[in-house]
Amino acid sequence: METNQPAGDHQDEVDRLVTAWRRELPDLDVSPFEVLSRISRLARHLDRARRLVFAAHDLETWEFDVLTALRRAGQPYELSPGRLLTQTLVTSGTMTNRIDRLAAKGLVERRPEPADRRGVRVRLTDVGQKRVDAALAGLLDHERALLAGLPDDDRTQLAALLRRLVMPFDEQT
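Residues numbered from 1 in each chain as written. Predicted model: local features only at pLDDT ≥ 70, side-chain atom pairs only at ≥ 80, totals over all residues. Heavy atoms only, no water.

Moving on, we get to the packing of aromatic side chains. Tallied over the full model, the rule gives one aromatic pair. Between Phe-54 and Phe-64, the ring centres sit 4.2 Å apart and the planes meet at 20°, which makes this aromatic pair stacked. Here Phe-54 is found in helix α2 (residues 32–55), whereas its partner Phe-64 is found in helix α3 (residues 61–72), with 10 residues between them in sequence. Taking the relative accessible area as the measure of exposure, Phe-64 reaches 7% and is therefore buried. (Phe/Tyr/Trp six-rings, centres within 6.5 Å; stacked < 30°, edge-to-face > 60°. Helix = DSSP H or I, 4+ residues; strand = E, 2+ residues; numbered from the N terminus. Buried < 20%, exposed > 50% of the residue type's maximum accessible area, 1.4 Å probe, protein only.)

Compared with the 16 Å implied by 1.5 Å per residue over 12 residues, the 16 Å span of α3 between its first and last C-alpha is a close match. Where α3 is concerned, the buried positions are Trp-62, Glu-63, Phe-64, Val-66, Leu-67, Thr-68, Ala-69 and Leu-70. Two residues or fewer past α3, Gly-74 is found with a positive phi of approximately 80°. (Expected span 1.5 Å × (residues − 1).)

Here the focus is the sheet that holds strand β2 (residues 108–113). With respect to topology, three strands assemble into an open sheet ordered β1-β3-β2, the strand pairing being antiparallel. Edge positions in the open sheet fall to β1 (78–79) and β2, since each of these has one partner strand only. Across the sheet, α3 is in contact with β1, β2 and β3 (116–124); its angle to β3 comes to roughly 100°. (Pairing = 2+ DSSP bridges. Contact = heavy atoms within 4.5 Å. Axes fitted to C-alpha atoms, helices over the stretch in contact; angles between N-to-C directions.)

The final tally for this structure, using the stated rule, is 17 salt bridges. A salt bridge links Arg-71 to Asp-133; its shortest N-O distance comes to 2.8 Å. One end of the pair, Arg-71, is in helix α3; the other, Asp-133, is in helix α6 (residues 126–147), with 62 residues separating them in the sequence. Classification of Asp-133 by relative accessible area gives partly exposed; the value is 30%. (Salt bridge = Lys/Arg side-chain N within 4 Å of Asp/Glu carboxyl O.)

Let's shift gears to the nonpolar core. One finds Leu-59, Phe-64, Leu-67, Leu-70, Leu-84, Leu-102 and Val-108 to be the most contacted residues of the largest nonpolar core, which totals 23 residues. Within the residue set of this core, elements represented by two or more residues are α2, α3, α5 (92–104), β3 and α6. Considering each element in turn, this core owes the most residues, six residues, to α3. (Core = buried A, V, L, I, M, F, W, Y, C linked by side-chain atoms within 4.5 Å.)

Structure (structure tokens):
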């Protein structure tokens, strides 16, 4: 059984986990852990780091998600609640609550749907746009710093490999 584990001080927590499982269950192929456990651990670290960046801009992660969906929509930075559901993968009840909370903070406003006055559009306010733009700039600065140790070619290759891994999941949604 092939191992990609470095020796000694260059081992990470996943190397130690894989070594332990190989010792305890030598007939079991635990090699998927070498990739997927690292992705899982990295996701947890990134989630914590992102929450800190967003908190510096007085935002929660979910607020950033909704505000960036609106910001990406382009002028006039508005979407239907249904479109926001699709982009943020939450239920309609959750989205209604989120819109209410963002509106109470002055970050979004509800506007009548032009084609059907019974419907609504959610629009990013000027305050919301400034807040999300600043948070996005802070996030990109932080994430650029995290990737600084990887040469451009490695980042490009890693992005391509991760895209191949994620695509089957994205195609299911």
